[in-house]
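Architecture and fold: a report
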Amino acid sequence: MAACVTRLELSVSCRSLLDRDLGSRSDPLCVLLQDAGGGRWAELDRTERIKNCQDPEFCKKLVVDYYFEKVQKLKFGVYDIDNKTFDLNDDDYLGGIECTLGQVVSSSVFTRPLELKQGKPAGKGTIMISVEEIKDTRVVYLEIEAQNLDKKDFLGKSDPFLEFYKQSDAGTWQLVYRSEVIKNNLNPCWRKFSVPLQTFCGGDFNKPIKVQCVDHDSDGSHDLIGVVQTTLVQVQAAGPGSPMEFECIHPEKKQKKKSYKNSGIIRIKSCKIKTEYSFLDYVMGGCQINFTVGVDFTASNGDPKSPDSLHYISPDGINEYLTAIWTVGSVVQDYDTDKLFPAFGFGAQIPPNWQVSHEFALNFNPSNPYCQGIQGIVDAYRQILPQIQLYGPTNFSPIINHVARFAAHSMQQGTAAHYYVLLIITDGEITDLDQTRQAIVDASKLPMSIIIVGVGEADFKAMEFLDGDNGVLKSVTGEPAARDIVQFVPFQQFRNAPREALSQVVLAEVPKQLVSYYKWQGWPPLKLPEIKAM
């Protein structure tokens, strides 16, 4: 595996986007995809959506790992978002570009005309991308409120939001954060927020920072309330009981009126700077990733002796279950020192009593269900297949709860020592959906992630529901998951793609999920990374 040279942050803006909305302007969002081989593109990141705007400057930075020795083909796609679904296939395409990360890195600002397809321009639309290396892992946390802001709306007060800009080396202002809008309020208190220190001021505490307070208008023609110029050194002086106050000044009003004082007060209630750790910080600090496999042996898979069964082992010794085990396991096993992996089956009648079991060890040894390496899981699977009777129902919750018990025990140690990844391979016909929802919500509070690979041609609506991409998963009683821990991938989309394409997409979320868990708990790596001199 190529060593990641560095991590980059891409800032994206567009000009003159196509207008796809009747009666208003487009609501654009930019998505970043990377070539995953075999004609497939894997999503790396996406910006926020900006309403009613043909010249968006996106606040959310796109983060990408840069490998000097690999040609990294990228695709930037701009979409007009008119619904709440995560899927972009039901949104209007406003244009995109294909390039390499090397091209972006070697330009100060990479500018290209947007195309609807190769050779067909997207009107006069252009995209501008600038890049910055992320060297600093510290993060700025801010709490801000305002008082006595100017009234800007004819029929109401103002609908204020904040925009933070840093000054580039060339002297231009670059957007680094945009707050939420607070409706009809001249004394707003915004949500606490965080921005990476590198993004906020390039790590330079004396670099000028501009804060714009703006009145939001739904048609996109926002009105400036006032501006504050400061530095992180000044802002950092804020603390409990001693906020930092700045006059919010409207430049034109100040020029016109001698009696003008200000357009309100911006008050920094608190400013804290914390270090954030990466996935590699945790792994290199000693965190073990414990990998468990659960295999679906229900009758809906078909008789393993029949060539149309999902469990049929072809003459060359493989099937979709084995391919999924190999593909995911071969990546995860590198992060587990003992290479002993528990492997279970569910939904089959097992000897000697032929009762249905929803968590039986593939090696038929319940007191020691561990297989030696990924090859050990494959061997156990091949040996058990002729000895069991495929049956039903398809219950996921027992095996999720089984792994959760280990994760709960590990959590009680209060350190970032063990993280659990459960791979469930299934044909998709789930029976205990309500119990599984509860099991996932409970597991979301533990150091674990669940990967579901769907094999065969079934309708995987239930699996997509469990993957929280379209909103937060809730239990039957309405309790929301503490974080998104499920990643669902349909195998059929990767049938003709190279193996690494499947592993890239399947495992894309695990590093983020691991980091989000330990950040939520406030646990640093077991062994802290050495601070390199800047």
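The rules we used
Residues numbered from 1 in each chain as written. Predicted model: local features only at pLDDT ≥ 70, side-chain atom pairs only at ≥ 80, totals over all residues. Heavy atoms only, no water. Phe/Tyr/Trp six-rings, centres within 6.5 Å; stacked < 30°, edge-to-face > 60°. Lys NZ or Arg CZ within 6 Å of the ring centre and 35° of its normal. Domains from an automatic or database assignment. Contact = heavy atoms within 4.5 Å. Buried area = accessible area lost by both parts, 1.4 Å probe. Salt bridge = Lys/Arg side-chain N within 4 Å of Asp/Glu carboxyl O. Polar contact = N/O pair within 3.5 Å; in protein donor to acceptor, adjacent residues only side chain to side chain. Pairing = 2+ DSSP bridges. Helix = DSSP H or I, 4+ residues; strand = E, 2+ residues; numbered from the N terminus. Axes fitted to C-alpha atoms, helices over the stretch in contact; angles between N-to-C directions. Core = buried A, V, L, I, M, F, W, Y, C linked by side-chain atoms within 4.5 Å. Buried < 20%, exposed > 50% of the residue type's maximum accessible area, 1.4 Å probe, protein only. Patch = residues over 30% accessible without salt bridge, like charges linked within 9 Å, V, L, I, M, F, W, Y side chains within 5 Å. Areas by Shrake-Rupley, 256 points an atom, 1.4 Å probe, with all protein chains shown as cover. Lys, Arg positive; Asp, Glu negative; His and termini not counted. Charge placed at Lys NZ, Arg CZ, Asp CG, Glu CD. Parallel < 35°, antiparallel > 145°, perpendicular 65-115°, else oblique. Left-handed = near helix turned anticlockwise from the far one by under 90°. Nonpolar A, V, L, I, M, F, W, Y, C, P; charged D, E, K, R; others polar. Expected span 1.5 Å × (residues − 1).

1. Considering the packing of aromatic side chains
For any two aromatic rings, the description comes down to two numbers: the centre-to-centre distance and the angle of the planes. Throughout the structure, instances matching the rule amount to 16 aromatic pairs. Members of the aromatic cluster, joined through ring pairs, are Tyr277, Tyr282, Tyr419, Tyr517, Tyr518, Trp520 and Trp523. Positioned above the aromatic ring of Phe494, the side-chain terminus of Arg40 is 4.2 Å from the ring centre.

2. What about the domain arrangement of the chain?
Annotation of the chain at the domain level lists domain 1 (6-134), domain 2 (138-275) and domain 3 (280-521). Counting residues at the interface gives 14 residues for domain 1, matched by 14 residues for domain 2. Interface area, domain 1 with domain 2, both sides summed: about 1000 Å², of which 37% is carbon and sulfur. Considering only the surface of domain 1 that becomes buried against domain 2, Glu57, Cys59 and Glu132 emerge as the three largest contributors, covering 44% of it. Inspection of the domain 1/domain 2 interface yields 2 salt bridges. Across the salt bridge formed by Lys166 and Glu132, the nearest N and O atoms sit 2.8 Å from each other. Here domain 1 and domain 2 share 12 residue pairs in polar contact (both at pLDDT 80 or more) between them.

3. A few points about the sheet that holds strand β9 (residues 138-147)
Pairing within the open sheet is antiparallel, and its 4 strands lie in the order β12-β9-β16-β15. Each edge of the open sheet carries a strand with a single partner, namely β12 (193-196) and β15 (244-247). Within the sheet, the average angular offset between the axes of one strand and its neighbour, ignoring direction, is 35°. For β15 and strand β16 (residues 265-275), the ladder comprises 4 bridges, and the chain directions are antiparallel. Paired with Met244 across the bridge in β16 is Ile268.

4. Observations concerning the environment of Val195
Following the sequence through the fold, Val195 ends up in strand β12. Here Val195 is in contact with Val139, Val140, Val176, Tyr177 and Phe200, once residues within four sequence places are set aside.

5. Details of the nonpolar core
In this structure, Phe297 and Leu362 are the most contacted members of the largest nonpolar core, which totals 57 residues. Setting aside chain neighbours within four positions, we find Leu362 in contact with Val295, Phe297, Ala343, Phe344, Gly345, Ile377, Ala380, Tyr381 and Ile384.

6. Some details on the pattern of salt bridges
Note on pairing: side chains with opposite charge can pair once their charged atoms come close. With the rule as written, the count across this model stands at 16 salt bridges. Put simply, Arg49 and Asp27 hold a salt bridge, and the shortest N to O gap is 3.2 Å. In this pair, Arg49 is assigned in the loop between β3 (40-46) and β4 (62-66) and Asp27 in the loop between β1 (6-15) and β2 (28-37), connecting sequence segments 22 residues apart. Judged by its relative accessible area of 36%, Arg49 falls in the partly exposed class. Owing to a relative accessible area of 7%, Asp27 belongs among the buried residues under this scheme. Between Arg138 and Asp136 there is a salt bridge, with the nearest N and O atoms lying 2.8 Å from each other.

7. Structural notes on the sheet that holds strand β11 (residues 173-178)
Across the sheet, 4 strands lie side by side as β11-β10-β13-β14; this open sheet has antiparallel pairing. Lying at the two open borders of the sheet, with one neighbouring strand each, are β11 and β14 (223-230). Taking the axes of each pair of neighbouring strands and ignoring which way they run, one obtains an average angle of 25° across the sheet. Bridge analysis of strand β10 (residues 160-167) against strand β13 (residues 209-215) gives 7 bridges, and the strand direction is antiparallel. By the bridge assignment, Phe164 is partnered in β13 with Val211.

8. With respect to a negative patch on the surface
A contiguous patch of negative charge, built from Asp87, Asp90, Glu429, Asp459 and Glu464, is present on the exposed surface. Examined against the element boundaries, Glu429 turns out to sit in the loop between β24 (418-426) and α9 (433-443).

9. Focus: the packing of helix α8 (residues 397-411) against α9
Between α8 and α9, whose axes approach to 9 Å, the crossing angle comes to 15°. In terms of their interaxial angle, α8 and α9 are classed as roughly parallel. Of the two elements, α8 crosses α9, and the hand of that crossing is left-handed. In this structure, α8 uses Ser397, Ile400 and Asn401 to contact α9, whose residues at the interface are Gln435, Thr436, Ala439 and Ile440. Considered class by class, the residues forming the contact of α8 with α9 number 3 nonpolar, 4 polar and no charged.

10. Comments concerning unusual backbone geometry
Excluding glycine, residues mostly have negative phi values, and the peptide bonds linking residues are mostly trans. Across the junction of Pro351 and Pro352, the peptide omega takes the value 5°, indicating a cis bond. Secondary-structure assignment places Pro352 in the loop between β19 (348-350) and β20 (355-357). With omega at -5°, the peptide bond leading from Gly392 into Pro393 counts as cis. Position of Pro393 relative to the elements: it lies in the loop between β23 (389-390) and α8. One non-glycine residue, Asn52, adopts positive backbone phi at about 50°. Within the secondary structure, Asn52 is located in the loop between β3 and β4. Judged by its relative accessible area of 11%, Asn52 is buried. With phi around 55°, Asn148 is a residue other than glycine that occupies positive phi space. Tracing the sequence through the fold places Asn148 in the loop between β9 and β10.

11. Here we look at a nonpolar patch on the surface
Taken together, the side chains of Leu340, Tyr370 and Phe406 make up a nonpolar region of the molecular surface, amounting to roughly 250 Å² of accessible area. For Leu340, the location among the structural elements is in strand β18 (residues 340-346).

12. Looking at helix α12 (residues 510-521)
If you check α12, its first and last C-alpha atoms are 17 Å apart, about what 12 residues at 1.5 Å a residue would give, namely 16 Å. Listing the buried residues of α12 in full gives Val510, Gln513, Leu514, Val515, Tyr517 and Tyr518. Remark: Gly522 follows α12 within two positions and exhibits a positive phi of approximately 75°.

13. Considerations on the packing of helix α6 (residues 320-332) against helix α7 (residues 373-384)
Interaxial distance between α6 and α7 falls to 10 Å at its minimum, and their mutual angle equals 165°. In terms of axis orientation, α6 runs roughly antiparallel to α7. In terms of crossing hand, the pair formed by α6 and α7 is right-handed. Of the residues in α7, those touching α6 at Tyr321, Leu322, Ile325, Trp326, Gly329 and Ser330 are Ile374, Gln375, Ile377, Val378, Tyr381 and Arg382. Looking at the contact of α6 with α7 residue by residue, the classes come out as 8 nonpolar, 3 polar and 1 charged.

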